[in-house]
Amino acid sequence: MEPSLAHVFIENRPRLRRIAQGIVRTPEQADDVLQDAYLKLIHGESPRQADRPLCYCSRVVRNLALDYCRKHSVEANYRCFDVEADELDIPDTASPEQQMRDKQVICSIDRALAGVPAQTRQAFELYRLEGLTQREIAKRMGCALGLVNAWIADAARAIAGCRHLLADD
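Everything quoted here is computed from the prediction, not taken from an experiment.

Scoring rules and cut-offs
- Residues numbered from 1 in each chain as written.
- Predicted model: local features only at pLDDT ≥ 70, side-chain atom pairs only at ≥ 80, totals over all residues.
- Heavy atoms only, no water.
- Helix = DSSP H or I, 4+ residues; strand = E, 2+ residues; numbered from the N terminus.
- Buried < 20%, exposed > 50% of the residue type's maximum accessible area, 1.4 Å probe, protein only.
- Phe/Tyr/Trp six-rings, centres within 6.5 Å; stacked < 30°, edge-to-face > 60°.
- Contact = heavy atoms within 4.5 Å.
- Salt bridge = Lys/Arg side-chain N within 4 Å of Asp/Glu carboxyl O.
- Axes fitted to C-alpha atoms, helices over the stretch in contact; angles between N-to-C directions.
- Parallel < 35°, antiparallel > 145°, perpendicular 65-115°, else oblique.
- Left-handed = near helix turned anticlockwise from the far one by under 90°.

### Description of unusual backbone geometry
Then comes step 1: For R25, which is not glycine, the phi dihedral falls at a positive 80 degrees.
Then comes step 2: In this fold, R25 is placed in the loop between α2 (13–24) and α3 (27–43).
Then comes step 3: The class for R25 is exposed, based on a relative accessible area of 64%.

Structure representation (structure tokens):
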């Protein structure tokens, strides 16, 4: 009588583990694959006897390891962050009054910047909105670094009158 698949699997576990680990690359994942393969062989819909039991067990381990890799590859493509959605601190939606106040602040700053020369406004926007360094702005605008610094300072003075709008009540 030929040995059962369970017996062949257990006797050849180190060999089957090497097959799985060669595909999934980590010992922990290889152990997960082996556990799933063993359960599939013992309790699954697979045949209880095979002509070549070791080949059959090897094929089951290989196929499960490949499935495991595919599954984790697909999951990795959809995973954006390692943070659970429940743990995210999402601010509450601003009240209509706060939205109106924010709009007033933006309009006030826009009016203040409309009164400065175009280069001053451009340098300020590149610095504050796009996050460029003063050196990067000087290179982009083709001017001296000191001039960029002066333009940013001029724009900051122009919007200084809007500070009272930013204070919390």
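Having seen the model, we can carry on.
### Describing the packing of aromatic side chains
Then comes step 1: On inspection of all chains with the given rule, the structure shows one aromatic pair.
Then comes step 2: Aromatic side chains F9 and Y38 sit 5.3 Å apart centroid to centroid with 50 degrees between the ring planes, which places their arrangement in the tilted category. Of the two residues, F9 is situated in helix α1 (residues 5–11) and Y38 in helix α3; the sequence distance between them amounts to 29 residues.
Then comes step 3: Using a relative accessible area of 4% as the deciding quantity, one classes F9 as buried.

### Digging into the environment of L132
Then comes step 1: With respect to the helices and strands, the residue L132 is situated in the loop between α6 (118–128) and α7 (134–141).
Then comes step 2: Contact partners of L132, with chain neighbours within four places excluded, come to L126, Y127, I137 and R140.

### Digging into the pattern of salt bridges
Then comes step 1: This model, assessed by the stated rule, comprises seven salt bridges.
Then comes step 2: Between D67 and R70 there is a salt bridge whose closest N-O contact spans 2.7 Å. Taken together, the positions of D67 and R70, both in helix α4 (residues 53–78) and three residues apart, correspond to about one turn of that helix.
Then comes step 3: Several salt bridges share partner residues, and in doing so they unite R13, R17 and D31 into one network.

### Things to note about the packing of helix α5 (residues 96–114) against helix α8 (residues 145–159)
Then comes step 1: Where α5 meets α8, the closest approach of the two axes is 9 Å, and the angle between their N-to-C directions is 130 degrees. In terms of orientation, α5 and α8 fall into the oblique class. Here the hand of the crossing between α5 and α8 comes out right-handed. Contacts between α5 and α8 involve I109, A112 and L113 from the former and A155, A158 and I159 from the latter.

Fair warning: the whole summary comes from geometry, so function is off the table for now.
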